[in-house]
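# Structural characterization, general
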Amino acid sequence: MSDGAVLHVKGRVLVGPDDVRDELWVVGGRISYERPAGARDIRTVEGWALPGLVDAHCHVGLDAHGPVPDDVSEKQALTDREAGTLLIRDAGSPSDTRWIDDRADLPKIIRAGRHIARTRRYIRNYAHEIEPDDLVAYVAQEARRGDGWVKLVGDWIDRETGDLSACWPREAAAAAIAEAHRLGARVTAHCFAEDSLRDLVEAGIDCVEHATGLTEETIPLFAARGVAIVPTLVNIATFPQLAAGGETKFPRWSAHMRALHERRYDTVRAAYDAGVPVYVGTDAGGSLAHGLVAGEVAELVIAGIPPVEALSATAWGARRWLGRPGLDEGAPADLVVYEGDPRADVRVLAAPRRVVLNGRVVG
């Protein structure tokens, strides 16, 4: 498309789950619902249009060993883009990916800075590894570096006990979360197990990643406080393999991981039924491939979340939660077009017909 070209998207435009329009126009990279006067260079795309999908837990600039070069980060971002992910909440990365902001052909990223973990209590080369007395200072540092989010590692294996346990005393977490909020940032935390959740929620945390340790005691607390979860079920699927690898050295941890995996769908459905906000995230990067957003939406449906709500968790609802526009008049034209109605069958998300980013057809 030339700079003066107009894109005409026609068919069914899903502005919201119940707000369906026949067409939209893209002029100067932005959405309009009025046909532009005198337009001649028009390209037409037909199908079912959704706002660009959101992966709310994705690590661009990270692989299993730590930070990666820019060319690898670019490939990661392009893989997500081809899957229809046009907005990423990067839930922790040691790489500087600010250069991506200057690329109109790559997904938009909301960064959480670098992970903040307890000393020797996380994956090597990923996080700032510190002790509780330094937590407030490091949270303030990452709040200033990020895009309105900070990422803590809330629990990890404790080699002395041989099982998962909380990383931060409640008082340290509360002071750090208060500092982040003072600086205008929200806080999320990696949590697999049960025992870190109550303290983090009562300390004021905004979101919990994975949240496999939710129970009938803590789910109502999450719901009452409006604390969101990003279950990353495509990642939780790897728990049996992880457990098998640690069986000899950490049998308690291995059994715990298997139990968390076995009840994963019940946990997510119980949280949803209680009114806990649930959003789509894949945990791509690290050891997981990029481009898995469609699979995560399908996993939420398997867990028992209604298809339209699972779709909202990567589209309309997710964008509202992150403070970014959808298919609104005048908004940047970031959208994905499909052959069929994704509300009727979320599996169509796996095969985007066209990907439009900043008004240009890029896939």
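Right, let's walk through the structure included here.

Definitions and limits used
- Residues numbered from 1 in each chain as written.
- Predicted model: local features only at pLDDT ≥ 70, side-chain atom pairs only at ≥ 80, totals over all residues.
- Heavy atoms only, no water.
- Buried < 20%, exposed > 50% of the residue type's maximum accessible area, 1.4 Å probe, protein only.
- Helix = DSSP H or I, 4+ residues; strand = E, 2+ residues; numbered from the N terminus.
- Arc of directions from axis to C-beta.
- Core = buried A, V, L, I, M, F, W, Y, C linked by side-chain atoms within 4.5 Å.
- Contact = heavy atoms within 4.5 Å.
- Polar contact = N/O pair within 3.5 Å; in protein donor to acceptor, adjacent residues only side chain to side chain.
- Axes fitted to C-alpha atoms, helices over the stretch in contact; angles between N-to-C directions.
- Parallel < 35°, antiparallel > 145°, perpendicular 65-115°, else oblique.
- Nonpolar A, V, L, I, M, F, W, Y, C, P; charged D, E, K, R; others polar.
- Phe/Tyr/Trp six-rings, centres within 6.5 Å; stacked < 30°, edge-to-face > 60°.
- Lys NZ or Arg CZ within 6 Å of the ring centre and 35° of its normal.

### A closer look at helix α9 (residues 264-274)
Regarding α9, the residues found buried are Arg-264, Thr-267, Val-268 and Ala-271. Buried residues of α9, seen end-on, are gathered within an arc of 95° and therefore sit on one face of the element.

### Observations concerning the nonpolar core
In terms of nonpolar packing, the biggest core is built from 77 residues, with Leu-50, Leu-135, Leu-152, Ile-205, Phe-222 and Leu-300 touching the most fellow members. It is helix α3 (residues 170-182) that contributes the most residues to this core, five residues altogether. If near-sequence neighbours (up to four positions away) are discounted, Leu-152 is found in contact with Ile-116, Leu-135, Val-139, Trp-168, Val-187, Thr-188, Ala-189 and His-190. Formed by 15 residues, the second largest nonpolar core is a distinct cluster that contains Val-13, Tyr-33, Ala-49 and Ala-333.

### Here we look at the side chain of Ser-93
Within the element layout of this structure, Ser-93 appears in the loop between β8 (85-90) and β9 (108-111). There is a polar contact of 3.0 Å between the side chain of Ser-93 and the backbone oxygen of Val-60. Residues contacting Ser-93, with those up to four places away along its chain left out, are Val-60, Gly-61, Leu-62, Gly-113, Arg-114 and His-115.

### Re the packing of helix α7 (residues 239-246) against helix α8 (residues 251-262)
Between α7 and α8, whose axes approach to 8 Å, the crossing angle comes to 170°. It follows from the interaxial angle that α7 and α8 lie roughly antiparallel. Residues Phe-239, Pro-240, Leu-242, Ala-243, Ala-244 and Gly-246 of α7 form the contact with α8, whose participating residues are Pro-251, Trp-253, Ser-254, Met-257, Arg-258, Leu-260 and His-261. Considering only residue class, the contact of α7 with α8 consists of nine nonpolar, three polar and one charged.

### Some remarks on the side chain of Thr-267
The topology assignment puts Thr-267 in helix α9. Ignoring any residue separated from it by four or fewer positions in sequence, one finds Thr-267 in contact with Ala-211, Thr-212, Leu-214 and Ile-219.

### Here's the deal with the packing of aromatic side chains
Per the counting criterion, the structure on display carries five aromatic pairs. For the pair Phe-192 and Phe-239, a centre-to-centre distance of 4.8 Å together with 75° between the ring planes defines the contact as edge-to-face. Pair noted here: Phe-192 is in the loop between β15 (186-191) and α4 (197-202) and Phe-239 is in helix α7, with a separation of 47 residues, a long-range link. With respect to class, Phe-192 is no different from Phe-239; both count as buried. Three or more aromatic residues joined by ring pairs form one cluster here, namely Tyr-122, Tyr-126 and Trp-156. Over the ring of Tyr-33 we find Arg-21, and its NZ or CZ is 4.4 Å from the ring centre.

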